[in-house]
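# Overview (structure and organization)
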Amino acid sequence: MKILYFYRYRKKSNSIGKQPFLETGVYKNRTTKNTNMVPIITREEIQEIQEKWASGLVGIGKSYIEKRNFQKAAAEHVQKLYGYGEETVLFKPTMANNKQFRKTFEAALSYFIGGNPEFPNDVGFALKPWKDVRFENSDFILKERYAIAMGNYFFTDYEGSETKVEYTFGFYRDENQKLKIHLHHSSVPYKRT
């Protein structure tokens, strides 16, 4: 049950003159159902979408090496997990240099599988292919409608070599209350030369 309360300032006369005072009260026996309340995004929800992202990336590469429809797998990956068409998506992939900011679905898809003449430097990050991806979260910012996770993720190829990459992912709840990505920034860790 939710009880509504109020604070009201009024001026009251006294011997010195009119001075403001605070009047408080409670609306008894009134309840309200707030239909706009959204639960805070949890670490578990973020970890779940991270696992989906990792398995989706691995799945794209597996489809590629097995000569299946990797383009469809990549399109589904981007459609299911990113908010293109619903929200502004800020995506700066790891190994993108010339046109590094991917503001559209087609630009994001090109990063994962290449083949788009507008992004001639894209070779298809998912087509490496990767055997495994694991996230190591450093910390989270958790709110009702959005959340941010930052940390490292590790990409293991089929020869067993592991690549460490730094990331920041931002998430929001779509109209069905499912998490989607609207911020994705990746970079290779600094190496002193």
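My aim in this report is to walk through the structure given alongside it, one point at a time. Worth saying up front: this structure is predicted, and the values here are computed from it rather than measured. (Residues numbered from 1 in each chain as written. Predicted model: local features only at pLDDT ≥ 70, side-chain atom pairs only at ≥ 80, totals over all residues. Heavy atoms only, no water.)

## Focus: the nonpolar core
One broad rule of soluble globular proteins: the nonpolar side chains tend to lie buried together. Formed by 41 residues in total, the largest nonpolar core has its most connected members in W53, L57, Y82, F112 and F155. Contributing elements (two or more residues each) for this core: α1 (43–65), α2 (70–81), α3 (105–113), β4 (130–142), β5 (146–157), β6 (162–173) and β7 (179–187). At seven residues, the largest contribution of residues to this core is made by α1. Not counting residues within four places of it along the chain, the set of residues in contact with W53 comprises H77, L81, Y82, F112, V133, F135, Y153, F155, F169, I181 and H184. (Core = buried A, V, L, I, M, F, W, Y, C linked by side-chain atoms within 4.5 Å. Buried < 20%, exposed > 50% of the residue type's maximum accessible area, 1.4 Å probe, protein only. Helix = DSSP H or I, 4+ residues; strand = E, 2+ residues; numbered from the N terminus. Contact = heavy atoms within 4.5 Å.)

## Topic: the pattern of salt bridges
In this structure the tally under the stated criterion is seven salt bridges. Here E45 makes a salt bridge to R173, at a shortest N to O gap of 3.0 Å. Of this pair, E45 sits in helix α1 while R173 is found in strand β6, placing the two residues 128 residues apart along the sequence. Overall, E45 belongs to the partly exposed group, its relative accessible area being 24%. A relative accessible area of 13% places R173 in the buried class. Between E162 and R134 there is a salt bridge, with its nearest N and O atoms 3.4 Å apart. Here E162 is found in strand β6, whereas its partner R134 is found in strand β4, with 28 residues between them in sequence. What makes E162 partly exposed here is its relative accessible area of 42%. Taking relative accessible area as the criterion, R134 reaches 34% and is therefore assigned partly exposed. The structure contains a network of salt bridges with shared partners spanning R134, E136 and E162. (Salt bridge = Lys/Arg side-chain N within 4 Å of Asp/Glu carboxyl O.)

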